[in-house]
Amino acid sequence: MKNNLFITLIILSVSVGLFAQVDAFHLPPIGFRSNETPMLSFEVRSGFQDVDKATIYYREIGSTSYEQMDMERGTETNPIFSVVLDMTPKQGLEYYFVIEDRFMQSYTLPENNPETQPYRTIVVQAPREPENNFVLLSPDPDFSNIKENFVIAISLFAISDFIDYDSIKLVLNGRDVTNRATITDNLLVYRVDKPKAGKYYYQISAQTIDGETIRSPQYSSDVRIKPVELPLGMSGRLTTTSWLQSYKGDQLEDETEFNTNANLSFEGQYRRLRFRSRLLLSTLEDKDKQPVNRYSLQMGLPWWDLYLGDHIPEYSSFLLSGKNIRGFTSTFKAKDWSFTATYGNSARSIDGILNESSEGDSLAKRGVFERQTTAFRVEVGEQRSAVWGLSFAKNKDNINSLSEDHYINPQTEMPVVTPKDNIIIGTDAQFAFLRQRLVLGAEVAMSFFNSNIIGGALSLDSLNAKLNTDVDFPIGPEEIESIFVINENVEPLKPGLNNTAYKAFVRAVFLRNYLNLSYSVVGSSFNSLSANYGNKDARIISLYDNILLLNNQLAINLGVTILSDNVYNKKEYTTTSTNYFTQIAYLPRGLPSFRVGFTNSNSENDAPEPGEDEFVSQFHMTNRNITFGMGYDVRQIPLAPTQFNISYNILNSRDEINKNFDDRKNTVTLSANSRFEELPLSTTISYSYTGNTNERIPIATDETDPQIETEKYGYNSVLLRGTMDFFENRLRPYADFRYSFYSGDITGQTQQLMNIGARYSLTRYTSFATDLGMRLFQSENEESDYSRLNWRFRFEQRF
Amino acid sequence: MKTTIVLFILLISSLLMGAEVDHVALTLQTNGEIILNRADESTPINTGELLIDKDELESMEESYAAVKFVDGSSVLRLFPLSILQINAEKNEDELDKRSFLEVGTVWSKVTKKTGLFEVETPTTVISVRGTEILLEVDDQGHTRLYTFSGESVMRNKADGLEATVQKGQTSFSTGVGMIDVTDINRDELPDEYHGYYDGTETPGTIEIELKNDQGETRTIRIQLQ
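None of these values were measured; they are calculated from a predicted model.

All right, on to the overall build of chain A then. Helices and strands together make up the secondary structure of chain A, namely two helices and 48 strands. Counting the 799 residues in chain A, one finds 46% classified as buried. Carbon and sulfur atoms make up 54% of the accessible area of chain A, which amounts to about 39700 Å² in all.

This part is about the packing of aromatic side chains. Describing an aromatic ring pair means giving the distance of the ring centres and the angle of the ring planes. Residue and element names in this part refer to chain A. By the definition in use, this model includes 33 aromatic pairs over all chains. Between the aromatic rings of Phe48 and Phe81, the centroid separation amounts to 5.5 Å while the plane-to-plane angle is 45°, which identifies the pairing as tilted. Of this pair, Phe48 sits in the loop between strand E3 (39-46) and strand E4 (51-60) while Phe81 sits in strand E7 (residues 78-84), placing them 33 residues apart in sequence. Overall, Phe48 belongs to the buried group, its relative accessible area being 0%. Consider the rings of Tyr713 and Tyr742, whose centres lie 6.5 Å apart with planes at 45°: the pair is tilted. Placement of Tyr713 in strand E44 (residues 709-724) and of Tyr742 in strand E45 (residues 731-744) is noted, with a sequence separation of 29 residues between them. Comparing Tyr713 with Tyr742 shows no difference in burial state: the two are buried. Linked through ring pairs, Phe42, Phe48, Phe81, Tyr95, Phe97 and Tyr119 together constitute an aromatic cluster. Cation over ring: Arg45 sits above Phe25, and NZ or CZ is 4.1 Å from the ring centre.

Another point: unusual backbone geometry. In most cases, non-glycine residues show a negative phi, while peptide bonds are predominantly trans. Residue and element names in this part refer to chain A. The omega torsion across Leu109 and Pro110 is -5°, close enough to zero to call that bond cis. As for its position among the elements, Pro110 is in the loop between strand E9 (106-109) and strand E10 (119-124). Here the amide bond leading from Ser138 into Pro139 is cis, since omega sits at 5°, within 30 degrees of zero. Structurally, the position occupied by Pro139 is in the loop between strand E11 (135-138) and strand E12 (150-155).

Residues and elements named next belong to chain A. In the sheet, strand E32 (residues 438-450) pairs with strand E34 (residues 500-510) via nine bridges, with the strands oriented antiparallel. Of the residues in E34, the one forming a bridge with Met446 is Thr500. Linking E34 to strand E35 (residues 513-522), which pair antiparallel, is a turn of two residues; within it Leu511 sits at a positive phi near 45°.

All names here are of chain A. Residues of helix H2 (residues 460-467) that are buried include every one of Leu460, Leu463 and Asn464, and no others. Across the axial projection of H2, the buried residues extend over an arc of 95°, all falling on one side. Set apart from the buried face of H2 by more than 90 degrees, the exposed residues are Asp461, Ala465 and Lys466. Downstream of H2 by a residue or two, Asn468 has a phi angle that is positive, lying close to 60°.

Right, let's talk about the side chain of A:His620 for a bit. All names here are of chain A. When you line up the elements, His620 lands in strand E40 (residues 620-634). With relative accessibility at 17%, the residue His620 sits in the buried group. Only 2.8 Å separates the side chain of His620 from the side chain of Asn602, close enough to count as a polar contact.

Residue and element names in this part refer to chain A. Considering the arrangement of structural elements, one finds Asp655 in strand E41 (residues 642-655). Taking the C-alpha atoms as reference points, Asp655 and Glu604, separated by 51 residues in sequence, lie 10.0 Å from one another. Residues within four places of Asp655 in sequence aside, it is in contact with His620, Met621, Asn660 and Phe661. A polar contact is formed between the side chain of Asp655 and the backbone nitrogen of Asn660, at a distance of 3.3 Å.

What follows is about the pairing of E12(A). Residue and element names in this part refer to chain A. In terms of residue burial, E12 counts as a mostly covered element, since six of its six residues are buried. What you see with E12 is no split at all: Phe150, Ile152 and Ile154 on one side and Val151, Ala153 and Ser155 on the other are buried throughout. Relative to E12, E11 runs antiparallel, the two being bridged by three bridges. Each residue of the ladder has a partner; that of Ser138, found in E12, is Ala153. Taken together, the six bridges between E12 and strand E16 (residues 187-192) define a ladder with antiparallel strand orientation. Residue pairing in the sheet places Phe150 in a bridge with Val192 of E16.

Right, let's get into the pattern of salt bridges. Residue and element names in this part refer to chain A. For the structure shown, the criterion picks out 42 salt bridges over all chains. As a salt-bridge pair, Glu796 and Arg237 come within 3.8 Å of each other at their nearest N and O atoms. With Glu796 in strand E48 (residues 786-798) and Arg237 in strand E20 (residues 235-249), this pair connects stretches of sequence that are 559 residues apart. Residue classification places Arg237 among the partly exposed positions, given a relative accessible area of 36%. A salt bridge links Glu656 to Arg654; the nearest nitrogen and oxygen atoms lie 3.3 Å apart. Residue Arg654 is classed as partly exposed on the basis of its relative accessible area of 28%.

Calculation notes
Residues numbered from 1 in each chain as written. Chains lettered and ligands numbered in written order. Predicted model: local features only at pLDDT ≥ 70, side-chain atom pairs only at ≥ 80, totals over all residues. Heavy atoms only, no water. Helix = DSSP H or I, 4+ residues; strand = E, 2+ residues; numbered from the N terminus. Buried < 20%, exposed > 50% of the residue type's maximum accessible area, 1.4 Å probe, protein only. Areas by Shrake-Rupley, 256 points an atom, 1.4 Å probe, with all protein chains shown as cover. Phe/Tyr/Trp six-rings, centres within 6.5 Å; stacked < 30°, edge-to-face > 60°. Lys NZ or Arg CZ within 6 Å of the ring centre and 35° of its normal. Pairing = 2+ DSSP bridges. Arc of directions from axis to C-beta. Polar contact = N/O pair within 3.5 Å; in protein donor to acceptor, adjacent residues only side chain to side chain. Contact = heavy atoms within 4.5 Å. Salt bridge = Lys/Arg side-chain N within 4 Å of Asp/Glu carboxyl O.

Given below as structure tokens:
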């Protein structure tokens, strides 16, 4: 019986989740408003010190490939990983997190099948708030020169029929300046006399004829008188962050660690030449890990783009996508066509670690080969109407980048890691109709993959002998070795559908509906080392619809994804995973907002029921997730308008056939964010509880009379936080305290996390921030008790 | 009785007049000498000037003006030696903008759709459906239109002939007969418009290449900001 890799992966992901040393939690936000750049984070409830790295994989709903970004690490006393995505989703966002610990173990959030059952958050278009009825006409960042003529002009056009003009009030930097403003039927205009360098905050308010007070957002403008004017219109930013972490406990030796990151970026323009550069240097850079430092220089002319250093080129989803290449990418752009070339390293070589002992040497850690990526793409047409692309990508591990000691196990003399060679050729096309309201697209790619190129290409005779065939190829493998290494490890040796991948999609926007239908097939032997294309041997049908109603304040989305393996019937059984989901988010103006989400996934194979003394890996697992969230900004509370939020999440994962596990997790989170009107203070009070009930049959149990073990435990967390604002937000001190504890059928443990810190803006261009945090960990097992202290300092200089 | 009727009509008229849109636009920024012709008066204006329906702006040599309508939907930039009349009226909740370019050059950008946006010339009417156009009118009323994004429609006033001008296209009309639509040839485009064509033009910046008698060229970069 063939091993079912799919089942193994699912069981592995579940078991990893169950026995994880890192306990992480993420609650998807109710929704994003259009034009809002998502900031996402997850909390590490235990094992923060063991997390080596966290990555978010994300995509616009409807897209078939994920982008990836490294997440920013918090501190021991603020144990979160966060990221601000470099995209603004239009309809919705799908994402999942991958957490890697220092023991080279990976965890995912969500735990099960994250690629096909990711978190989903929908986008609700920003409702027309009353304050949006005020339109700021001037200053306009593209036209106004506020150093010389600082004119504030706010349009009343949209509300001119229902406001009381006598109630209009303009407040500038805390002063009522209405009597010096000109108010006409449609406009309020105020001229700032001789503006000085600094930030100007202003807000207009008025009463409607119904007596309701409406306010504009608080606008702000910077009058920048730069200390130094750089040539070529250059601007940029230097940021340095230093942090110190100190550990004190019984289990490990006391230790102190100090690190610094420096990030310098600048951009400018000379005539039509645009340039941008980024330099990130970190003391975390370690030759035994993949690079942390980043160097990039981008130059562009209307007909040419050049990226030097680190860059993530986007070709097509099966060829080159979402991978950082350190090298160059260059695009020549003509009117109706373009040509792009990329060359560089997608991984650098890392030496392995040899364990020397009297019983024989062994490799404690295997090495990594340098991986070189070369790619070309020709594109004809334009995205707005029709575009066709032809792409080629080659990824090859440099066998000379690692000495044999670092990839050959000295005991077995077998390689523990092998250098690979990979070629992908693909073509894609996209057609847009009705002003891009209807978009059709398709992509097909074929890969050639050699999983081990040690020894190089074989002669034709040797190859035939190894494969026990007598094929008369027109060209010998040795003759094309520089292009692709052919030996017995090529997968597959005879190209066919198994080493292809293709997809087709339709996107339609009509009647406030965003409909997306996609179909993709990835063969079991398709390999692309330069793309995040998801599962191999997978057929995926995905249908998604997002509907906006009630003036875009109500968003309903529903969809179904069906994933099955055994695409070309090479396996005995086929596993099918069906995932359907729906979410409703209602974000009205001035009223409570809510979100309800339901996800159900069902994974099963078509193996028959096993007979007596017969082992058949029959498999059926279900996963259900229900989320309810509600928020209300109670502005009526005197002195301290408060935003209340509540969310409730129920998660159930169950092995339906073998009853090996049945896990339930309930999480409730309450929070209140208050903004004090008479004090420069805002506070947050938050409480979160997670109750876990895990039932499972121990592996050694008697199958005829299985004894189910039930484990119940809970996690409680309280967070108190206060932030103050002084000197027009230039000084912002804060303090927070988090108390959390686990209780129940696991070793009891308590954590107290405290932080104090402040942000200070010395000038418009210079700011500092510092945080000091303490973490106290206590366990029923007293030997595990420890304390951690961390300090962080951040400096930012813009120019 | 007649007096009562006349007074009633006057009252209604004054109420209706009071309901009309008053200020329809303002100057975001001016450089050089911009003259405002309102009724029979001509006055130089600066940044922050409020404009009403039928106001006429005239730009002198090396002078520019950026004008924004009160619905926040669109911006016009007047180039040197141009005359533009601002016409706009409220239509329910929207502002219909029908400006008139008598001569010269105007660039416009429509960022959101709130009401009509048209620019009339002595011989044609341009309806802007997209986002960014540039319009030139010579002293004979001949009109050239460049569409840099979106699409626009040019219509002859005399014979009603129409042509759709897509992104990357330019059209030319003498006001009568065929409207010539071709792709924009960047090399034939005046240098100061290359930035619009390339999409790299900073809205607040204009570059002009000047050539002296000796054939030496010099580029002047005018910062509208």
